[in-house]
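# Inside the fold
Each chain, written out:
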Amino acid sequence: MMAPDESSKPIGYIPIADCEICSALDEVETSFTKYDWDDLDRPLPPAAARLKFFAAFDAYDAERRHIKRCPVCGIFYEYWLTYDYYINGSEDEEELTRLTPAQAKHFMDEATYEALMQQARAGLTDAQPLTRRYAAKCLVSHHMERQEMPLAGEYLAHPDPEVVKGALFFLRKLANDGDRRPEIASIKTAIEALVQHADPDISSGAQSVLHCIKIYEKYR
Ligand SMILES: [Zn+2]
């Protein structure tokens, strides 16, 4: 008889830092493979192979772009494989991006969304910094989906620097991708207040978001 695999166990909705799969993955992971050039290969972390296929996108080949889900804690990821053909060997690149419940909302029912958001709200005061950062990212994303930018901005003024980082780095990713700049510009004051922050990662993160806002304000 085969041992039961992870997919047969119910999802635990545990904090991300307590999940052995998700805690071993960054918010974005990438791989690179060049055919016949093994020394250039940089694979995804081994934990990525334990995520399960969850759903395909209508417009894409399911193998190349799909949603994965962690079988332990229930967090969703987007997987994207691109390949290019070159005369000296084709190149494959993978990108695995951890999603917030709001970003993956189309793929789940209301009860699953509620369970994940409850986990996020509890995670804000968790002992582990990773759980607090991801909790803040999920809550900011939730408020943005609901067009509640002032509520999203409140996490930037949070006394816990890990909460600020989770919120700010999520906004930085969106701003760099070019999405959501009008909304992010609406909480400019909250971002400006972080430029003088004692933590250099927060200070430089705020400057990078402000740079994107400046570009948006110039060309809108
Ligand atoms: Zn997990």
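Position labels on residues start from 1 in each chain and follow its written sequence. Two thresholds apply to this predicted model, a pLDDT of at least 70 for residue-level local features and 80 or more for giving and counting side-chain atom pairs, whereas whole-chain, interface and lining totals are computed over all residues.

### Overview of the overall build of the protein
This is how it is decided: Each helix corresponds to a stretch of at least 4 residues labelled H or I by DSSP, and each strand to a stretch of at least 2 residues labelled E; elements are numbered beginning at the N terminus. Put simply, the radius of gyration uses C-alpha atoms, and a globule should come to 2.2 Å times the residue count raised to 0.38. Comment: burial labels come from other C-beta atoms within 10 Å of the residue's own C-beta, placed from the backbone, where a count of 20 or more is buried, 12 or fewer is exposed, and between is partly exposed. Contact between two residues is assigned when their C-beta atoms, built from the backbone, lie within 7 Å.
From N to C terminus, the protein includes seven helices and five strands. When the elements of the protein are put in sequence order from the N terminus, they spell out β-β-β-β-β-α-α-α-α-α-α-α. For the protein, whose C-alpha radius of gyration is 19 Å, the value lies close to the compact-globule estimate of 17 Å for 220 residues. Taken over the C-alpha atoms alone, the protein extends approximately 55 × 45 × 35 Å along its principal axes. Per-residue burial over the protein gives 31% buried out of 220 residues. When contacts within the protein are restricted to residue pairs at least 6 apart in sequence, long-range pairs at least 24 apart make up 56% of them.

### With respect to the domain arrangement of the protein
Under the convention used in this document: Domain delimitation in this document rests on an assignment produced automatically or drawn from a domain database. Three categories are distinguished: nonpolar for Ala, Val, Leu, Ile, Met, Phe, Trp, Tyr, Cys and Pro, charged for Asp, Glu, Lys and Arg, and polar for the others, with Gly belonging to the last.
According to the domain assignment, the protein consists of domain 1 (6–98) and domain 2 (127–219). The centre of domain 1, based on its C-alpha atoms, is set 26 Å off from the matching centre of domain 2. Between domain 1 and domain 2, the residue contacts involve four residues of the former and four residues of the latter. Counted by class, the side of domain 1 that touches domain 2 contains three nonpolar, one polar and no charged residues.

### Brief notes about the sheet that holds strand S1 (residues 28–34)
Threshold: For two strands to be treated as a pair, DSSP must find at least two bridges joining them. Lines fitted to C-alpha atoms define the axes, with helix axes restricted to the stretch in contact, and inter-axis angles between N-to-C directions lie between 0 and 180 degrees.
Sheet architecture is open: five strands sit in the order S1-S5-S4-S3-S2, paired in antiparallel fashion. The strands lining the two open edges of the sheet, one partner per strand, are S1 and strand S2 (52–56). Across this sheet, the average inter-strand angle for adjacent strands is 25 degrees, counted without regard to direction. Here S2 runs beside strand S3 (residues 65–69); their pairing, made up of four bridges, is antiparallel. Bridge assignment links phenylalanine 53 to a residue of S3, and that residue is lysine 68.

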